[in-house]
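Reading the structure
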Amino acid sequence: MVQPVATPTHICQLWYCARCRRNGNWAEVVITDIIERIIAIRLNFAALQRLHLLDEDAAGWMADATGRDPIEHRNELVPSTRAWLAEDPAREL
């Protein structure tokens, strides 16, 4: 039996929109003991403050933006991206 988590887990994923045919859309997937919701987000400093995990594609985008290797610096991607976004509050990925 799966045990519910005490607090929701927020995961950032990249997705393709079939309607507008655009890649590079950001989604926030919120999970407790089930998938609670999937919402489109703008990936900015405020959104990154909520996120716990990144999918592989999102990690690649963040690595490119911050100039860090996604494998070598995998544990530093979220903090370094937060710092990069904090430098300019209007900046988004």
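Structure: above.
For the structure given in this document, a descriptive report is provided here. (Residues numbered from 1 in each chain as written. Predicted model: local features only at pLDDT ≥ 70, side-chain atom pairs only at ≥ 80, totals over all residues. Heavy atoms only, no water.)

Topic: the side chain of Asp55
Along the polypeptide, Asp55 turns up in the loop between strand 4 (53-54) and helix 2 (56-66). Despite being buried, Asp55 has no salt bridge partner; Arg22 is the closest side chain of opposite charge, sitting 14 Å away. Those residues within four positions of Asp55 in sequence are excluded, and the remaining contacts are Cys12, Gln13 and Leu14. (Helix = DSSP H or I, 4+ residues; strand = E, 2+ residues; numbered from the N terminus. Buried < 20%, exposed > 50% of the residue type's maximum accessible area, 1.4 Å probe, protein only. Lys, Arg positive; Asp, Glu negative; His and termini not counted. Salt bridge = Lys/Arg side-chain N within 4 Å of Asp/Glu carboxyl O. Contact = heavy atoms within 4.5 Å.)

A word on helix 2
Among all positions of helix 2, only Ala58, Ala59, Met62 and Ala63 are buried. Buried residues in helix 2, looked at end-on, bunch into an arc of 140°, giving them a common side. The elements touched by buried residues of helix 2 are strand 1 (9-17), strand 2 (22-31), helix 1 (45-50), strand 4 and helix 3 (77-86). For helix 2, the N-terminal capping position is held by Asp55, with its side-chain oxygen 3.2 Å away from the main-chain nitrogen of Asp57. (Arc of directions from axis to C-beta. Polar contact = N/O pair within 3.5 Å; in protein donor to acceptor, adjacent residues only side chain to side chain.)

With respect to helix 3
Those residues of helix 3 that sit buried are Leu77, Val78, Ser80, Thr81 and Leu85. The buried residues of helix 3 occupy one face: seen down the axis, they fall within an arc of 165°. Tucked into the core, helix 3 has its buried residues touching helix 1, strand 4 and helix 2.

Comments concerning the environment of Arg50
Within the secondary structure, Arg50 sits in helix 1. Owing to a relative accessible area of 35%, Arg50 belongs among the partly exposed residues under this scheme. For Arg50 and Arg91, which are 41 residues apart along the polypeptide, the C-alpha to C-alpha distance reads 17 Å. In contact with Arg50, not counting residues within four places along its chain, are His10, Glu28 and Ile41. Looking at Arg50, its side chain comes within polar contact range of the side chain of Glu28, at 2.7 Å.

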